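Structural description and commentary
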Amino acid sequence: PNVCAVQKLIGTNRKYFTNCKQWYQRKICGKSTVISYECCPGYEKVPGEKGCPAALPLSNIYETLGVVGSATTQLYSDRSNLRPEIEGPGSFTIFAPSNEAWASLSAETLDSLVSNVNIELLNALRYHMVDKRVLTDDLKHGTTLNSMYQDLPIQIHHYPNGIVTVNCARLLKADHHATNGVVHVIDKVIATTTNSIQQIIETEESLETLRAAVAASDLNTLLESEGQYTLLAPTNEAFEKIPRETLNRILGDPEALRDLLNHHILKSAMCAEAIIAGLTMETLEGTTLDVGCSGEELTLNGRPIIANKDVLATNGVVHFVNELLIPDSAKTLFELAQESEVSKSMDLFRQAGLSSHLTGSEQVTLLAPVNDVFKDGLPVVDSNMKNLLLNHIIKDQLSSKYLYHGQKLQTLGDKELRVFVYRNNLCIENACIAAHDKRGRFGTLLSMDKMLTPPSGSVMDVLKADHRFSTLVAAIQSAGLTENLNRPGTFTVFAPTNEAFRAMPQGELNKLMGNAKELANILKFHMADEILVSGAVNALVRLKSMQGDKLEVSMKNHVIHVNKEPVTESDIMATNGVIYAVNSVLQPQASRPQERGDEPADPALEIFKQASALSKVSQRNPRLAPIYSRLLARMKENSG
């Protein structure tokens, strides 16, 4: 009974009288701790008994100071003639600095307190006192207590991790009861606070540049108003580290400047002593900063850039920082890219002479392929590449969370790109978004997983232009499907190459090519009436083919497979669909070879006759030539 856990920081004298919220991780600011146990305030051990069963007799505040490890405060109470008051009747609370807290004061400060026959010392001690009994449960976050020195306020913060601070001094030992009040031991000697955050900025020489920036952005009123803020105040040195061109651009842009300054203001007061592990804090700009600690140092976003901490103000606390924290909303696209995995893309845009679109006030969205896309080197920048890069710049500043399936986006290259929304990905044409948006001052950066391929022509146009698909084109025309694949739509076509048809048994190929209905059935099994790009394929996706049966599309070892057959080329984009090249003719599961008559349907023969690649195909592929000759001969007999 009556035993309290104490977390001791290894290698230091720091102790945390702690609770389960704090000590289960056994670390403070990344440093290991040891848990020990002590009698809770007001109790002591009894030989042969467990815990601390014996309650100590209460004494007055003066006597209690000597018991709780604040003998120096007791000594100075005596020297300043405060002793009679805290020995006598009444109800007081004293936040008593520990012996170590007094010892840590500079010799100059201590001398000014002690040598002035005790008036300053008495005033300082009375500022640590409240004329009523205040227990830990009464110390609510963000409240103030009127001290016994001119009623000047004492600021209380009670953080979610259980730590309580008094003017940013940490409460070490709480709730030591006395006959005339209560004693709390704190780790610093606290000083009166009369300046607002704005007044601190105005009087501190090292914040001269910040002072001008605050005035230019009209934030003076906020920083002198009531509230509880944390200002991460960039020093003159911090501003000097920024390239002059960047700094002048931000200082000359009221919106960017306001975003910059709001990014340095946290919505609540955060004393350094309350930070014992990493936590995310929200800024006035709406962004977040990772505030943490490493040993004795405070860190921002993992970097120890806080030069001076816990400068207390009437409306919060100021920490001086020696690096400027520029939010994305104040950056150009080029500046955003410096912290992203798209630096090689930016080299390409620079080589192509497109920098002006990415550094000025033009509102655009940049689709930038990640560096892994160029692991084999950057492509040569010629006129074609420049046009392709122009089609990676959208004419408006967008946010991915507002993109929707089927949306059309206009590029600076005058192409129209489509948005595809899938369960596990968001894609623009064949390229899918690989990282969270970075939204800058005028442009948004979207990191993409590959170079984007704008569509050119319908599915039928693309197939006709690619010599690998000349047999398929002839088959589509023979089966009467040409018009279907030329119309607006959303098709996915698994396109058998000439090699796929050559791999079929001769007899089966003859039958297929001679029966327009069966040929159309087989070809429709290679098509689906929805667009599926490769980025949408995770483990397995089932598509309903236009023939009616399901197609199973899967990803294995970074290769797309359809019905377990590997795809040789993915994401050949068309204005009305996407094409995958396959080296086999897919067969529906229930398909069986069918006998046919000698007379194929006339329309199929007529379309087949008109196939533009017919003569070239028959010359290039002797095995297929007899089939075409036979079909043409039958057509002539028919017309006779």
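Residues numbered from 1 in each chain as written. Predicted model: local features only at pLDDT ≥ 70, side-chain atom pairs only at ≥ 80, totals over all residues. Heavy atoms only, no water.

1. Here's the deal with the state of the cysteines
One pass over the full model with this rule turns up four disulfides. C4 shares a disulfide with C40; S-S distance 2.1 Å. Measuring handedness by torsion sign, the sulfur bridge of C4 and C40 sits at about 110 degrees and is right-handed. In this pair, C4 sits in strand β1 (residues 3-9) while C40 sits in the loop between β4 (31-39) and β5 (43-44), placing the two residues 36 residues apart along the sequence. Overall, the relative accessible area of 23% leaves C4 in the partly exposed class. (Disulfide = S-S within 2.5 Å. Helix = DSSP H or I, 4+ residues; strand = E, 2+ residues; numbered from the N terminus. Buried < 20%, exposed > 50% of the residue type's maximum accessible area, 1.4 Å probe, protein only.)

2. A short note on the pattern of salt bridges
In this structure the tally under the stated criterion is 22 salt bridges. For the salt bridge of E237 with K241, the shortest nitrogen-to-oxygen distance reads 3.8 Å. (Salt bridge = Lys/Arg side-chain N within 4 Å of Asp/Glu carboxyl O.)

3. Comments concerning the packing of helix α19 (residues 470-478) against helix α23 (residues 516-524)
Each packed pair of helices is defined by two parameters, the angle between the axes and the distance between the axes. Axis separation between α19 and α23 bottoms out at 9 Å; the angle between their running directions is 120 degrees. One way to sum up the angle between α19 and α23 is to call them oblique. α19 and α23 meet at a crossing whose hand is left-handed. Counted together, L472, A475, I476 and S478 of α19 and A516, L519 and L523 of α23 form the full contact between these two elements. Of the residues contributing to the contact of α19 with α23, the split by class is six nonpolar, one polar and no charged. (Axes fitted to C-alpha atoms, helices over the stretch in contact; angles between N-to-C directions. Parallel < 35°, antiparallel > 145°, perpendicular 65-115°, else oblique. Left-handed = near helix turned anticlockwise from the far one by under 90°. Contact = heavy atoms within 4.5 Å. Nonpolar A, V, L, I, M, F, W, Y, C, P; charged D, E, K, R; others polar.)

4. Quick word on the packing of aromatic side chains
Within the structure shown, the criterion is met by three aromatic pairs. Aromatic pair Y76 and W102: ring centres 4.8 Å apart, planes at 75 degrees, arrangement edge-to-face. Of the two residues, Y76 sits in helix α3 (residues 71-79) while W102 sits in helix α5 (residues 99-103), which places them 26 residues apart along the sequence. Of the two residues examined, Y76 and W102, each falls in the buried class. Ring geometry for F420 against Y422: centres 6.4 Å apart, planes inclined by 40 degrees, an arrangement best described as tilted. The ring of F442 has R441 lying over it, and the distance from NZ or CZ to the ring centre is 4.3 Å. (Phe/Tyr/Trp six-rings, centres within 6.5 Å; stacked < 30°, edge-to-face > 60°. Lys NZ or Arg CZ within 6 Å of the ring centre and 35° of its normal.)

5. Details of the sheet that holds strand β13 (residues 181-186)
Strand order in the open sheet made by the seven strands is β8-β7-β13-β12-β11-β10-β9, with mixed pairing throughout. The open sheet has two edge strands with one neighbour each: β8 (129-130) and β9 (144-146). Both β9 and strand β10 (residues 153-158) contribute to a ladder of three bridges, which runs antiparallel. Bridged to N146 within β10 is P153. (Pairing = 2+ DSSP bridges.)

6. Quick look at the layout of surface pockets
By volume, the largest pocket is sized at about 1100 Å³. Lining the largest pocket are 38 residues, and of these I326, P327, D328, K331 and E339 sit closest to its centre. Counting only elements with at least two residues in the lining of the largest pocket, the list comes to β17 (288-294), β27 (438-439) and β28 (443-448). Tallying contributions element by element places β17 first for the lining of the largest pocket, with three residues. When the residues that make up the lining of the largest pocket are grouped by side-chain class, the tally is 13 nonpolar, 12 polar and 13 charged. The two domains that each donate at least three residues to the lining of the largest pocket are domain 3 (197-329) and domain 4 (331-448). (1 Å grid on protein atoms, 1.4 Å probe; cavity = no way out; pocket = protein on both sides within 12 Å on 5 of 7 lines; lining within 4 Å. Points joined across faces, edges and corners; volume = space filled by probe spheres on them. Domains from an automatic or database assignment.)

7. A few points about helix α15 (residues 343-351)
Turning to α15, its buried residues are S345, M346, L348 and F349. With its buried residues spanning 155 degrees around the axis, α15 presents them on a single face. Close packing links the buried residues of α15 with α14 (333-337), α16 (355-359), β21 (364-369), α17 (383-390) and β22 (393-394). A positive backbone phi angle near 75 degrees is found at G353, which sits one or two residues after α15. (Arc of directions from axis to C-beta.)

8. Topic: the sheet that holds strand β14 (residues 229-234)
Taken in spatial order, the four strands make up an open sheet running β15-β14-β20-β19, and their pairing is mixed. Lying at the two open borders of the sheet, with one neighbouring strand each, are β15 (265-266) and β19 (306-313). Note: β14 against β15, two bridges, orientation antiparallel. Looking across to β15, one finds that L231 is bridged to I265.

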